[in-house]
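Listed below, chain by chain, are the residues.
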Amino acid sequence: MAAPSAASARQEGQPFAKAATMRDVAERANVSVASVSRVLNGLGVTSDATRQRVLDAVEDLRYVPHFGARSLSTSKNDTIGVILPDLFGEFFSELIRGMDLAARAHGKHLIVSSSHDGAEDTLAAVRSMRGRVDGMIVLSPHLGAANLSSEFAGRMPVLLMNGGAAEPGRASIMIDNHGGAVGAVQHLRSTGRKRIAHIRGAAGNIEADTRAAGYAAALDGHDPIIVEGDFSQASGHRAATQLLSMPERPDAVFAANDMMAVGALLAFQEAGVRCPEDIAVVGFDDVPIAALMRPALTTMRVNIAEIGRRGVERLIGLVQAGATADATDTACEIVRPILVERQSTAAASSARFNKG
């Protein structure tokens, strides 16, 4: 004899053989499984009568969706989705720390996923969170990534972070990558350095492209010296080794992030090249390790944890307002990097820096 279904067991007062399923809910409510899914995920259109039958069946069967016990009366999960290009490194650790502090202060939870730095993977991660979160923060540094939000526009609040140009009508927080790079190069020039190289970020990354453009714009007619990196410490080490092999090596380096700058500093130390006496170094971000290096790293500071906190605060506001056209927060908030001057760019005292 077959074991009774969860629905029939509930009706007959028998113990459950297993937890109720979505099919059990559909059977009890006399609707399709697709209708149950639409009600639980808040997607699509269902009649009030159908929705009420599904909610009654969920309550009777004590059905818990596998994406977590959500408040069916408000259709809220008290959960925020975060999609990042990577989960490794001090930048993302600081960003998540700020987000987590803000989420906990509001009684919310975070679900964090990596897009592995790919636009298609970003979209797949976005789709995987549907129905599991009340809103989403998407950080995707690829060209055109802002358009990903149109995949779920009108259904879920979305805040874009740290990508390229703002998408009209979409809340966003963007770092002034171009201005920050200009500031880094201008600082190096003010200390007397003239042959300034750039270790750029990953190819196809809009932040890397924008910081490289800012570097080139600030050279004031001097020839650019650009070597490729990928934002990792190892790539900064490789790039610095490449710079040292040049017939005329640079007297300063602007790295597109702090981790590549750290790799460059280590490569210079291994080669017996002094910083800042022989080559000055500037990074970007001001991750915690920057101040601990010897020499301590000059960098363009963006308050990473504060950006994370601010992103969660704004997304919660969007969730409370609803994901409809009357949501009022559509601003693009610009974060301006601030120069933090440390020992790695101490003013040049050698005559070699005063030569044309």
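This report concerns the structure included in the present document. The structure displayed is predicted, hence computed values, not measured ones.

## Let's talk about the pairing of strand β9 (residues 280-285)
So, point 1. In terms of burial, β9 is a largely internal element, six of the six residues being buried.
So, point 2. Across three bridges, strand β8 (residues 252-255) lies against β9 in parallel orientation. By the bridge assignment for β9, Phe254 is matched with Val282.
So, point 3. Once you follow β8 into helix α10 (residues 258-270) and on to β9, the crossover reads as right-handed.
So, point 4. Where β9 and strand β10 (residues 298-301) come together, four bridges link them in parallel fashion. Directly across from Val282, in β10, lies its bridge partner Thr298.

## So, the environment of Gly201
So, point 1. Locating Gly201 in the fold gives a position in the loop between β6 (196-200) and α8 (206-217).
So, point 2. It is 5.1 Å that separates the C-alpha atoms of Gly201 and Phe231, two residues lying 30 residues apart in sequence.
So, point 3. Apart from residues lying up to four places away in sequence, Gly201 is in contact with Ala208, Glu228, Gly229, Asp230, Phe231, Ala256 and Met260.

## Some words on the sheet that holds strand β3 (residues 135-139)
So, point 1. Read across the sheet, six strands follow the order β2-β1-β3-β4-β5-β11 without closing on themselves; strand pairing throughout is parallel. Each having just a single partner strand, β2 (109-114) and β11 (332-335) make up the two edges of the open sheet. Taking the axes of each pair of neighbouring strands and ignoring which way they run, one obtains an average angle of 15° across the sheet.
So, point 2. Inspection of the sheet shows strand β1 (residues 79-84) paired to β3 by four bridges, in the parallel sense. Considered in β3, the bridge of Val82 is made with Ile137.

## Description of the nonpolar core
So, point 1. Ranked by size, the top nonpolar core spans 66 residues in total, and within it Leu95, Met161, Ile199, Phe254, Phe268, Ile307 and Val312 carry the most contacts.
So, point 2. Broken down by element, the residue count for this core peaks at eight residues, all from α10.
So, point 3. Residue contacts for Phe268: discarding those within four places in its chain leaves Ala240, Leu244, Val253, Val273, Ile279 and Val281.
So, point 4. Counting 14 residues, the second-largest nonpolar core is a separate cluster that includes Val39, Leu40, Leu55 and Ala57.

## Details of unusual backbone geometry
So, point 1. For the bond from Cys275 to Pro276, the omega torsion is 15°, close enough to zero to count as cis.
So, point 2. Mapping Pro276 onto the fold places it in the loop between α10 and β9.
So, point 3. The omega torsion of the bond from Arg294 to Pro295 falls at 5°, within 30 degrees of zero and hence cis.
So, point 4. Of note in this structure, Arg62 is not a glycine but carries a positive phi near 55°.
So, point 5. By secondary structure assignment, the location of Arg62 is in the loop between α4 (48-61) and β1.
So, point 6. With relative accessibility at 63%, the residue Arg62 sits in the exposed group.
So, point 7. A positive phi is found at Asp286, a non-glycine position, where the angle reads about 65°.
So, point 8. Owing to a relative accessible area of 15%, Asp286 belongs among the buried residues under this scheme.

Thresholds applied
- Residue positions within a chain follow its written sequence, with the count starting from 1.
- Predicted model: local features are reported for residues with pLDDT of at least 70 only, side-chain atom pairs are reported and counted for 80 or more only, and whole-chain, interface and lining totals are derived from all residues.
- No hydrogens and no water enter the side-chain calculation; it runs on all heavy atoms of the structure.
- Three labels apply to residues, based on accessible area from a 1.4 Å probe with only protein chains included: buried if under 20% of the type maximum, exposed if over 50%, partly exposed otherwise in between.
- Where helices and strands are cited, they refer to DSSP runs of H or I of at least four residues and of E of at least two residues respectively, numbered from the N terminus.
- Two strands qualify as a pair provided that DSSP identifies no fewer than 2 bridges between them.
- Seen with its strands pointing away from the viewer, a crossover is right-handed when the path leading from the first strand over the helix to the second is clockwise.
- Residues are treated as being in contact if the distance between any of their heavy atoms lies within 4.5 Å.
- To obtain each axis, a line is fitted to C-alpha atoms, and for helices this fit is confined to the stretch in contact; angles are then taken between N-to-C directions over 0 to 180 degrees.
- Nonpolar core, defined: a set of buried Ala, Val, Leu, Ile, Met, Phe, Trp, Tyr and Cys residues in which side-chain atoms within 4.5 Å join the residues together.

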